[in-house]
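# Structural description and commentary
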Amino acid sequence: MSRPANPLAGLGAVIWLAVVLVPVYVMVSVSLTRQDEALGGNALRPPHHPTLANYGTVLDNGFGHFLANTVLVAAVVVGIVLVLCVPLAYVAVRTRGVWSGGAFRLFLLGVAVPAQAVVVPLYLMITKLNLYDSLLAVALPTAAFAMPVSVLVLTGTLRDIPEELYEAMALDGASPARMLFRLVVPLARGGIGTVVVYASLQAWNGFLFPLIFTQSEDSRMLTLGLFTYVSQFGVNIPALLASVVLSGVPVFAVYLVARRTLVGGLMGAGGK
């Protein structure tokens, strides 16, 4: 039985598609124009003389180094979050105790703490640990602030795993560690994929921690690299947007690869 057509839903989808695609079109279009044309022209109009010179300017100004730093920080953040949050969510789901429940609720209070409120204590801790102006100084607090939401997602995913599976493995004499790696991790791939994407985006789009905890060119990341095209006399708009386009390509590629896993994690274990 076919569903009746819904014109309002179709109109809403078209409007939402325009809201998403128009800024992307403007960003790509302006990145292919010259600076004088970008300042005096209409952003919605295609460039008269498209050029890739802006992308060459970006690549010649350390974009590869900034990209490598960002990828490294994102990988460290994802590694820390997975190593700590998967066992923590497993314990929170499988342990029926006052202490574990209280610790879980206390841990989730981190969702309500903004990074700006604790940046001064974090700065003092980073300097006392001699980590200032290093990529680790960015990765550690980024991972810490990504963990509360990650634990929340993973606990929701692990609660969808049937209790009978745990009991069957327990009857076979499986230890908690074996249950974690042989049962929980395979069935929680959707939630783990969601956490990987979320933690990666937190590291990729982070601006406050790189700004406060790094200083030299060697530890600069993509978000700070955008300042290369901003001076007191003006902004190189095409080069700035070209760098934004290049920095968004890896994120878009990750989304294309992990979109099914991401949707499955939002729907529950195994994408039910």
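Rules behind the numbers
- Residues numbered from 1 in each chain as written.
- Predicted model: local features only at pLDDT ≥ 70, side-chain atom pairs only at ≥ 80, totals over all residues.
- Heavy atoms only, no water.
- Phe/Tyr/Trp six-rings, centres within 6.5 Å; stacked < 30°, edge-to-face > 60°.
- Buried < 20%, exposed > 50% of the residue type's maximum accessible area, 1.4 Å probe, protein only.
- Helix = DSSP H or I, 4+ residues; strand = E, 2+ residues; numbered from the N terminus.
- Lys NZ or Arg CZ within 6 Å of the ring centre and 35° of its normal.
- Arc of directions from axis to C-beta.

Glancing now at the packing of aromatic side chains. Evaluated as defined, the whole model comprises 3 aromatic pairs. Taking the centre distance of 5.9 Å and the plane angle of 80° together, the rings of Y123 and Y132 count as edge-to-face. Overall, the relative accessible area of 31% leaves Y132 in the partly exposed class. For the ring pair F145 and F209, a centre distance of 5.8 Å and an interplane angle of 45° mean the geometry is tilted. Of this pair, F145 sits in helix α7 (residues 135-158) while F209 sits in helix α11 (residues 208-213), placing them 64 residues apart in sequence. Assessed through its relative accessible area of 23%, F145 is described here as partly exposed. Feature note: the residues F145, F209 and F213 constitute an aromatic cluster, connected by ring pairs. For R94, the ring lying beneath its charged end belongs to Y166, and the centroid distance is 4.0 Å.

It is worth spelling out unusual backbone geometry at this point. Glycine aside, residues mostly have negative phi angles, and peptide bonds mostly take the trans form. For N130, which is not a glycine, the phi torsion comes out positive at approximately 60°. Of note, N130 is situated in the loop between α6 (119-128) and α7. By relative accessible area, N130 is classed as exposed at 70%.

Every buried residue of helix α3 (residues 53-60) is listed here: N54, Y55 and V58. The arc that holds the buried residues of α3, viewed along the axis, is 100°, so those residues lie on one side. Residues L59 and D60 are exposed on α3 and point more than 90 degrees away from its buried face. In the stretch just after α3, G62 is the one whose phi turns positive, near 85°.

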